[in-house]
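# Geometric and topological summary
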Amino acid sequence: MSNTIPHRIYDFLKEHPPFSFISKEELLKISQKIIIIYSENNDVIFQQGEKPPSYFYVVREGAVKLFNEFKDEKILIDVCDEGDIFGIRPLISADQPYTLTAIVSEEALIYKIPAELFLEIMKVNKNVENYFTSSFTGGIRNPYSKYSKQKVFLDSQISINDNFNFSEIQTIPISSKPITCSIETSIKNAALIMKENKVGSIVIVDENQKPIGIITDRDLRNKVVAGDFCSDCKIENIMSSPVITSDSNATVADLQILMIKNNIHHICITEDGTINSRMIGMISEHDILVLHGNNPSVFIREIKRAQNSNQLNLIRISTEQLLKKYLQQEISITYITRIITEINNAINIKAIELTISELSKTGNDLPNVKWCWLALGSQGREEQLLRSDQDNALVFEDAEKSEYEKNKNYFLQLAKGVNDILKDCGFDYCPANVMASNPKWCLSLGEWNNQFENWIYTPGNKEVMYSTIFFDFQPIYGNFELSEKMADNIYQTLNNQESFLSFLAKNALENPPPLSFFRDFMVENNGEHKNEFDIKARAMMPLVDGARVLTLSARLEGINSTIKRFNKLAEIEPENKELFEQLADAYEIIIRFRTMQGLKHNNSGRYFSPDELNKMQRLMLRNCFRPIKELQQILTIRFNLKMFR
């Protein structure tokens, strides 16, 4: 008859990391060696400075507080509850004394686990080893190892499980009408059709739209430019025939094999897959690369070639496959944000070019003045991974009043067109209308400078809020010199009104802390997201706002990214280097988590229920939130915020 207590212990431990990484057989062996102790409130489990015994602890029920004792003070470091491990000093260095004191705060059942059993397991089980490497309890402070930063959620249920090697089963959507011409077409006219449609190939069809040949820009280079044929010759002289065809049900793998086998880059799609039926589409090597999402440069090229918002939207949708792939490959968030930012910026630029072209067709030409499109918010900080709301603005050169009205009217029309295209690409309109199509945010350089000066010299709540949005502007298109002048004016004004930074710092403390007394996530009390955690307001914004005001105070111009801001602050403030590096790492983990939540639920990833997180995820996020309190303490002291109370 089996002993039921070890099985009960096993049933509990297997639900909690790192025990969840251990095989059933091994964990049952460990469970048989565990000692169960009952402790009442205020019982001391171990004392700071004591030599540790040969075991560590797991809270089965109740709670244990960990204190750092300094002189006559007890500084609370952590609160361990169900499933938390503490007192892991024997796993690190048995000769070193405890650095914390553990006191029971709620009557508790505690498991004492022999350290020697785990030391053996750590030698062969990388998951267990890595868990303790990134440990967060037990009197050591090592919350953010490089491993945990990359791996934190990959073994979890919220990992993106899309199969990226899907070419064997996936077909390619045929969305564009094929560009064709008749056999009677001259080479010159065929080339003009290709140029007009911005394509690299054209299919020659008969009167029934059956494909009979194809020419590509390579044929034009090799057979016409090289002098073999004149531009007035018939196209049949240079076309490749017969064409290679397939049907619309062919998979990506089928099409790739056809291309490789025939050494071609284009395949005609016909109704029945043969040259004897009507042509319905064209698949190029570009299409396959874009579908795979494995080459950002292809996205950029396709964006430049796009002719409407539908094409841009398809590219942006494909970009999310690239994003998922990067997250699965554990690529750093810094690199991912750089790539996605470039793609987002390219879409913005194309939207601007398309709108300018449309306005020109109605005789509404671009004014001959300097102007610049500005990205704000997360895009301005180069942190926009998901398709969130738009935040943008526009600045144009100062002019006489008569010209000013004309210029502003044009730029408002331009902005409206750009905002609409971005909406079609999945970037929703800003609910607060912080967009360049709003006359309040489409201003001349002089107006912007006056606006910023008013905000800085008379900082009410609204002015401070606007500053947090607009001070992260990033030039996207046009004359960047204008945005540089805006930035210069902000810093010059701050030199005369340093106290404004205190208002910004105070605002950075307005966001409520992410944790209630270290243990529970602060969730929304009511509304649509009742009992959900707002990771943007409670965790990201305190970091974003804190980094902004500290870099403004240090006059670190030209750095908008929150991670880069903290890393730069770590360089120039050696005394706070460790904290700022932790804050940079924490922000990276949080932005990675939010992005994965957004991809999983097809939303912004802003809200989630803490109940859907497993123990490991809760603990990892909790670690990220801890340095926020220290950041807010720095802001309070540095900007003398107690005077505001």
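For every chain, the first residue of its written sequence is number 1, and the numbers climb from 1 along that sequence. Reporting in this predicted model follows two pLDDT cut-offs: at least 70 for local features of residues, and 80 or more for side-chain atom pairs to be given and counted; totals over whole chains, interfaces and linings ignore these cut-offs and use all residues. The side-chain figures draw on all heavy atoms in the structure; neither hydrogens nor water molecules are used.

Moving on to the overall build of the chain. Within the chain, the regular secondary structure consists of 23 helices and 20 strands. Each of the 645 residues in the chain was classed as buried or not, and the buried ones make up 51%. When contacts within the chain are restricted to residue pairs at least 6 apart in sequence, those whose partners lie at least 24 apart make up 72%. A total accessible area of about 30000 Å² is found for the chain, and carbon and sulfur atoms account for 47% of it. Counting from the N terminus, the helices are the DSSP runs of H or I reaching at least four residues and the strands are the DSSP runs of E reaching at least two. Accessibility here uses a 1.4 Å probe with only protein chains present; expressed as a share of the type maximum, an area under 20% marks a residue as buried, one over 50% as exposed, and anything in between as partly exposed. Any pair of residues with heavy atoms lying within 4.5 Å of one another is described as a contacting pair. Using a 1.4 Å probe, accessible areas were evaluated by the Shrake-Rupley method; residue-level cover was limited to the displayed protein chains.

Let's shift gears to the sheet that holds strand S14 (residues 392-396). Here, a strand pair is defined by DSSP locating no fewer than two bridges between the strands. Taken together, the four strands give an open sheet; going across it, the order is S15-S14-S13-S16, and neighbouring strands pair in mixed fashion. Strand pairing shows two members of the sheet lacking a second neighbour, strand S15 (442-444) and strand S16 (474-478), which therefore form its edges. Each neighbouring strand pair of the sheet contributes to a mean axis angle of 30°, computed without reference to strand direction. Alignment of strand S13 (residues 371-375) against S14, held across five bridges, turns out to be antiparallel. Within the sheet, the bridge partner assigned to Leu374 lies in S14 and is Ala393. Angles run from 0 to 180 degrees between N-to-C directions of axes, and those axes are lines fitted to C-alpha atoms, restricted for helices to the stretch in contact. Running over the sheet, helix H15 (residues 401-424) touches S13, S14 and S15 and is turned about 155° from S14. Strand contacts of helix H16 (residues 445-457): S14 and S15, with the helix running at about 100° to S15, the strand carrying the most contacts.

Strand order in the open sheet formed by three strands is S7-S8-S9, and the pairing between neighbours is mixed. Either end of the sheet is taken by a strand with one partner, and the two such strands are strand S7 (180-181) and strand S9 (211-216). With five bridges connecting them, strand S8 (residues 201-205) and S9 associate as antiparallel partners. Bridge pairing in S9 places Val205 opposite Pro211. With respect to the sheet, helix H7 (residues 187-197) is in contact with S7, S8 and S9, its orientation differing from that of S8 by roughly 125°.

For helix H13 (residues 333-361), which comprises 29 residues, the first-to-last C-alpha distance of 42 Å matches the rise-based estimate of 42 Å (1.5 Å per residue) to within 8%. Positive phi shows up at Gly363, right after H13, with a value of about 80°. By this rule the span expected of a helix is its residue count minus one, scaled by 1.5 Å.

So, on to unusual backbone geometry. Here the bond from Ser241 into Pro242 is cis, since omega is 0°, no more than 30 degrees from zero. Among the secondary structure elements, Pro242 is positioned in the loop between helix H8 (217-225) and strand S10 (245-246). One non-glycine residue with positive phi stands out, namely Arg555, at about 60°. At Asn602, a residue that is not glycine, the phi angle is positive and equals roughly 55°.

Bringing a nonpolar patch on the surface into the picture now. On the surface, Phe70, Ile75 and Ile77 cluster together to form a nonpolar patch covering roughly 260 Å² of accessible area. By the element assignment, Ile75 lies in strand S4 (residues 73-80). Patch membership requires more than 30% relative accessible area and the absence of a salt bridge. Residues of like charge join within 9 Å; the nonpolar side chains Val, Leu, Ile, Met, Phe, Trp and Tyr join within 5 Å. Put simply, a salt bridge is a Lys or Arg side-chain nitrogen that is within 4 Å of an Asp or Glu carboxyl oxygen.

Averaged over every residue, the pLDDT of the chain is 84; residues scoring 70 or more account for 88%. Long-range and interchain partners of residues 136-169, a stretch whose pLDDT sits below 50, account for 109 contacts in this model, where long-range means more than four residues apart. Confidence of the prediction at every residue is given by pLDDT, a number between 0 and 100.

The next point concerns the pairing of strand S6 (residues 101-114). Most of S6 is tucked away: ten of the 14 residues are buried. By the bridge criterion, two bridges tie strand S2 (residues 44-46) to S6 in an arrangement that is antiparallel. Residue pairing across strands places Val44 opposite Ile103, the latter belonging to S6. Note that strand S3 (residues 55-70) and S6 share eleven bridges and pair antiparallel. Its bridge partner being in S6, Lys65 is matched across the sheet by Ile103.

Further remarks concern helix H2 (residues 24-33). Looking only at H2, the buried set comprises Leu27, Leu28, Ile30 and Ser31. Viewed end-on, H2 has its buried residues packed into an arc of 160°, placing them on one side of the element. Projecting away from the buried face of H2 at angles above 90 degrees are the exposed residues Glu25, Lys29, Gln32 and Lys33. Residues of H2 that are buried make contact with helix H1 (4-13), S6 and helix H4 (115-124). This arc is built from the directions going out from the helix axis to the C-beta atoms.

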